[in-house]
Amino acid sequence: MDQFAVNVSTIFTEVPFIERFQKAKEFSFSRVECQFPYSEPAERIREELEKYRLSLVLINLPAGNWEKGERGLAIFPDRIGQFKQSVDEGIRYATNLNVSLIHCMAGMLPPELDRQRAKEVYIDNLQYAAEKLAQHGLTLLIEPINPYDMPGYFLTDIREAAEIIEEVGMPNVKLQYDFYHMQRMQGNLIATFQAYFSLIGHVQIADVPGRHEPGTGEIHYERIFQFLQSCGYTGAVGLEYIPKTTSEASFAWCSAHVLERENK
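Anyway, here's the lowdown on the structure attached to this text. (Residues numbered from 1 in each chain as written. Predicted model: local features only at pLDDT ≥ 70, side-chain atom pairs only at ≥ 80, totals over all residues. Heavy atoms only, no water.)

### Concerning empty space enclosed by the protein
Within this structure, the stated rule accounts for one cavity of 30 Å³ or more. Each pocket or cavity is described by its volume, and for the largest cavity that value is around 40 Å³. Surrounding the largest cavity, L61, P62, A63, G72, L73, A74, F83, S86, C104 and M105 form its lining. Partitioned by chemical class, the residues of the lining of the largest cavity number eight nonpolar, two polar and no charged. (1 Å grid on protein atoms, 1.4 Å probe; cavity = no way out; pocket = protein on both sides within 12 Å on 5 of 7 lines; lining within 4 Å. Points joined across faces, edges and corners; volume = space filled by probe spheres on them. Nonpolar A, V, L, I, M, F, W, Y, C, P; charged D, E, K, R; others polar.)

Listed below in structure tokens is the structure:
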């Protein structure tokens, strides 16, 4: 269980956000991740993390107005100032909560914005964010997201993500590799992971279709876990799935995985 980081934005939604850290502890997790912690004061979250001896491994930068469909600020020429404010806010939470990874969502590309212009702004903003994060020993992540779940999202191709990281040219910019999104976009999960292994800074999982827990879809996760161990990936594996029924029931795969490892 030590390598798994339960995502308290998508799991334990049966209780209010601030109570989900206790739930993570009750189910024997030592690591958690979340998408947006900003609805609660950082000091309040830190109290929960310390109380339950949890490590928060990942947060996202503020991504704009989520309820209105915004999914990031980084590609917009007219919102650079707002993006820079989001970087400051993300760093404030990360340093307060001892988080080392921050994911930057790119944004939804509107029809009126030229894609090349958006890419130029994105790269400039990533360079700015990476430089600011580097001052605090933090890593910036970008993630290709499949266009079926999020139509219009700017970054949907892992090759382009790798090219952008190369162009940014900062050692603390890495890939967030989500097996769910990668399966929906192109498959070949193990080969693709191997090809971009040197750039990968964080891993997340969910099954396809439905984005539910492992064992509910087409991905052979026991093989994936064996591969991650054999290839030398030592980071956290974020459980960013939506439980098919209840959060408690969704951990049956996890118990089976632990038993299988112990029997080997």
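Back to the write-up after that little detour.
### Things to note about the packing of helix α3 (residues 80–97) against helix α4 (residues 115–134)
Relative placement of two packed helices is described by the angle separating their axes and the distance separating the axes. With their axes 10 Å apart at the nearest point, α3 and α4 run at an angle of 30° to one another. Taken together, α3 and α4 sit at an angle that is classed as roughly parallel. Handedness of the crossing formed by α3 with α4: right-handed. Facing I80, F83, K84, V87, D88 and I91 of α3, the residues of α4 in contact are V121, N125, Y128, A129, K132 and L133. Residues of the contact of α3 with α4, tallied by class, amount to eight nonpolar, one polar and three charged. (Axes fitted to C-alpha atoms, helices over the stretch in contact; angles between N-to-C directions. Helix = DSSP H or I, 4+ residues; strand = E, 2+ residues; numbered from the N terminus. Parallel < 35°, antiparallel > 145°, perpendicular 65-115°, else oblique. Left-handed = near helix turned anticlockwise from the far one by under 90°. Contact = heavy atoms within 4.5 Å.)

### Re the pattern of salt bridges
A full pass over the atoms with the stated rule returns twelve salt bridges. One salt bridge connects R44 with E47, and the closest N-O pair in it is separated by 3.6 Å. Linking R44 with E47, this pair stays in helix α2 (residues 42–51), spanning three residues, or about one helical turn. Assessed through its relative accessible area of 33%, R44 is described here as partly exposed. With its nearest N and O atoms 2.7 Å apart, the salt bridge here joins E48 to R44. With E48 and R44 both in helix α2 and four residues apart, the pair spans about one turn of that helix. On the accessibility criterion, E48 (8% relative accessible area) is buried. (Salt bridge = Lys/Arg side-chain N within 4 Å of Asp/Glu carboxyl O. Buried < 20%, exposed > 50% of the residue type's maximum accessible area, 1.4 Å probe, protein only.)

### What about the sheet that holds strand β5 (residues 101–103)?
One open sheet holds the nine strands; their spatial order is β3-β2-β1-β9-β8-β7-β6-β5-β4, and the pairing between them is parallel. Two strands in the sheet have a free side with no partner beyond their single neighbour: β3 (55–56) and β4 (58–60). Both β5 and strand β6 (residues 139–142) contribute to a ladder of three bridges, which runs parallel. Following the sheet pairing, L101 is matched in β6 by T139. (Pairing = 2+ DSSP bridges.)

### With respect to the nonpolar core
Core analysis: the biggest nonpolar cluster contains 86 residues, and Y122 and F179 have the highest contact counts within it. Ranked by residue count, the leading element in this core is α4, at seven residues. Listed in part, the six residues of the second largest apolar core include A5, L101, L141 and A236. (Core = buried A, V, L, I, M, F, W, Y, C linked by side-chain atoms within 4.5 Å.)

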